[in-house]
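Here's the letter readout for the chains.
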Amino acid sequence: MQGIARDMRVAEERAERSEDESVRDADVIVVGGGPVGLMLAAELRLADVRPLVLERQPRLEDAPPNANGLGGQVIELLRYRGLLDRFTAAATAASPPPIYPFGGVHLDLTDLADPPLRGLQLQHPSVDRLLDERAVELGAEVRRGHRVVAIDQDDAVVAVDVEGPDGRYRLTAAYLVGCDGAYSRIREMAGIAFPGVTYPEVNRLAELTVPESVTVLDDGALDVPGVGRVDAGYTRTEHGVFAMGMLASGVLMIQTIEEERAGYDHEAPVTVEDLGESIRRVLGFAIPLGVPRRLSRYQHHARQADRYRAGRVLLAGDAAHVLPATGVARSVGMLDAVNLAWKLAAAVQGSAPDGLLDSYHAERHFAGARALLQTQAQVALRRGDDDAADALREVFRELLTDEQPQHRLAAMIAGADIRYPVASPGAGRSTGAKPAASDAGRRPTDDRHPLAGAFAPAPLLRAVRGSTGVAESMRAARPILLVLGDHPELREVAQRWWHHVDTYCAEVDDRPADALLIRPDAHVAWAAALDEAPEVAERGLRDALGEWFGAP
Ligand SMILES: Cc1cc2nc3c(=O)[nH]c(=O)nc-3n(C[C@H](O)[C@H](O)[C@H](O)COP(=O)(O)OP(=O)(O)OC[C@H]3O[C@@H](n4cnc5c(N)ncnc54)[C@H](O)[C@@H]3O)c2cc1C
């Protein structure tokens, strides 16, 4: 009955919106069809919003072969959406408990019972392909070979000029999200600053077949005609680093690292010749190279946009933050998308309470700063080459043999320990200020329940997902009120928001709270303490529902 009434209400809302929709081409234009743009498109569809993804590359395979891993808290989110099985099925290896190279110091989580950091190995472009499939099956339009070249906005709409296969054209939407990567033009055109540092080392990374003219020796070294033996492993010269190893598939992996203060054109494709010249500069001689399976060139940056929003233009993913260590960058970006989608949907549909869209900056800028904190610490660990740096690494190695620091650091890398600092959207207005590293390290010290602002505890979610209804609400990105204690009055309060929130009662061992209000992004908006007085719980829930989901 509730479902039918809700569908009718949705139909009414659609009719009300159709007037606006007829004058714009999409609700939200997403610039960039990388993992973050595609994740955003899928999440927007779940919230019944019309996204249009514009991607400059004509084919999915043309994306730079950057990442082959997906790790961090997004894994829990994929589980929550019922998507984890798809990703696990596409993984190239069963995921063992991770050993994470934290700035060159091994963080070995093999002995942890429930490690907060998990990862999947996926070959390029599997992640993008799975996300593309998902966005398209939910009804998102993805236009490949369409490059956004200009943007313009006023109080009512945002417009973009696009260069497509048939020439230049213009589109309008209510909002635009720049998911266009580290060198974002959208960020630049929106006038958003991107402070931070770019480290001078340029990395070139390749997977190549072994050329016929060389012989692979038993210890993995190469015998190169006219040169002799070239060792596997790391070779450091005064010009940089050369690293080489044989993958299980018989493919040769080669990496060079050189300081190039002049920089390079990041849009120019990297070639085997470019890699060959780099090897010659580092080692002082050339080696024959086979056919490349993967070729990339990158620099590490530690930068963060000082605002994630400028009017109707928002940023997510690498456009908003670039981290100087790999492993969880996609997770951070995809979780930006998940945080943003339901807020944008409420703004488009006219139901957003005051400050909701600005809470995106407050929450995800904080999360990005936390990610920068742990990745910049890795830079300090891996770059130092004096005795003091050796001592720092040794101290870390020692600390990381104990379970408690292993757990704490793993949670920090994964982003599993993020607790958003805003108690309500009204408190989340964008200040435009970049928090200092010390702010990013500081934990909220307000009087909220300790779970408020945090990701809903994964073990609890796994326990209650046994109920079909809960699992369906999670998959559909619907907010959930989970009543775990004896509080019939909370169901009555939530009844007034039935259009927005699904209510479930559950019994679990060791309940962490009497009730949890869980947002579509799986973060807890509000929680009732154990054995909370009914009138206190009732007021708390009513306030939280109004603040996060608007008028009943
Ligand atoms: C060598 C390397 C290895 C990495 N390994 C990992 C890893 O193992 N795990 C991990 O989590 N992360 C890894 N990363 C980081 C990861 O690749 C990025 O964090 C992630 O790709 C960011 O996703 P995104 O969607 O924000 O941006 P991108 O993936 O950069 O996508 C942006 C998209 O926008 C498009 N675009 C740009 N401008 C326009 C325009 N004007 N109009 C239309 N389209 C446009 C681009 O073509 C591109 O497809 C690695 C990075 C590198 C360089």
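About the cut-offs
- Residues numbered from 1 in each chain as written.
- Predicted model: local features only at pLDDT ≥ 70, side-chain atom pairs only at ≥ 80, totals over all residues.
- Heavy atoms only, no water.
- Domains from an automatic or database assignment.
- Contact = heavy atoms within 4.5 Å.
- Buried area = accessible area lost by both parts, 1.4 Å probe.
- Salt bridge = Lys/Arg side-chain N within 4 Å of Asp/Glu carboxyl O.
- Polar contact = N/O pair within 3.5 Å; in protein donor to acceptor, adjacent residues only side chain to side chain.
- Helix = DSSP H or I, 4+ residues; strand = E, 2+ residues; numbered from the N terminus.
- Nonpolar A, V, L, I, M, F, W, Y, C, P; charged D, E, K, R; others polar.
- Pairing = 2+ DSSP bridges.
- Axes fitted to C-alpha atoms, helices over the stretch in contact; angles between N-to-C directions.

Caption draft 1: The domain arrangement of the chain, seen in detail. Structurally, the chain comprises domain 1 (8-194 + 305-414), domain 2 (199-300) and domain 3 (448-549). A C-alpha centroid distance of 26 Å is found between domain 1 and domain 3. Taken together, the contact pairs 23 residues of domain 1 with 21 residues of domain 3. Roughly 1,800 Å² is buried in total at the junction of domain 1 and domain 3, and carbon and sulfur atoms are behind 59% of that figure. The three residues of domain 1 that bury the most area against domain 3 are Tyr 80, Arg 81 and Trp 342, which together make up 39% of that side's buried surface. The partner of Arg 519 in a salt bridge is Glu 363, and the shortest N-O contact between them spans 2.8 Å. Counting across the interface, domain 1 meets domain 3 through four residue pairs in polar contact (both at pLDDT 80 or more). For the side of domain 1 that touches domain 3, the secondary structure elements donating two or more residues are helix H1 (2-23), helix H2 (35-46), helix H3 (74-80), helix H8 (329-349) and helix H9 (358-383). Looking at the side of domain 1 that touches domain 3, its residues break down into eight nonpolar, five polar and 10 charged.

Caption draft 2: Region of interest: the sheet that holds strand S25 (residues 524-528). Strand order across the open sheet formed by four strands is S23-S22-S24-S25, with mixed pairing between neighbours. With one partner strand each, in any of the chains shown, strand S23 (502-505) and S25 form the two edges of the open sheet. Each strand axis lies, on average, 15 degrees off the axis of its neighbour in the sheet, ignoring direction. Pairing analysis gives four bridges linking strand S24 (residues 515-518) to S25, with the strands arranged antiparallel. Residue Ala 515 lies in a different strand from S25, and its bridge partner there is Ala 528. In this fold helix H14 (residues 468-475) packs onto strand S22 (480-483) and S23, with an angle of close to 145 degrees to the strand it touches most, S23. Packing of helix H16 (residues 534-549) onto the sheet brings it into contact with S22, S24 and S25, and relative to S25 it is tilted by some 175 degrees.

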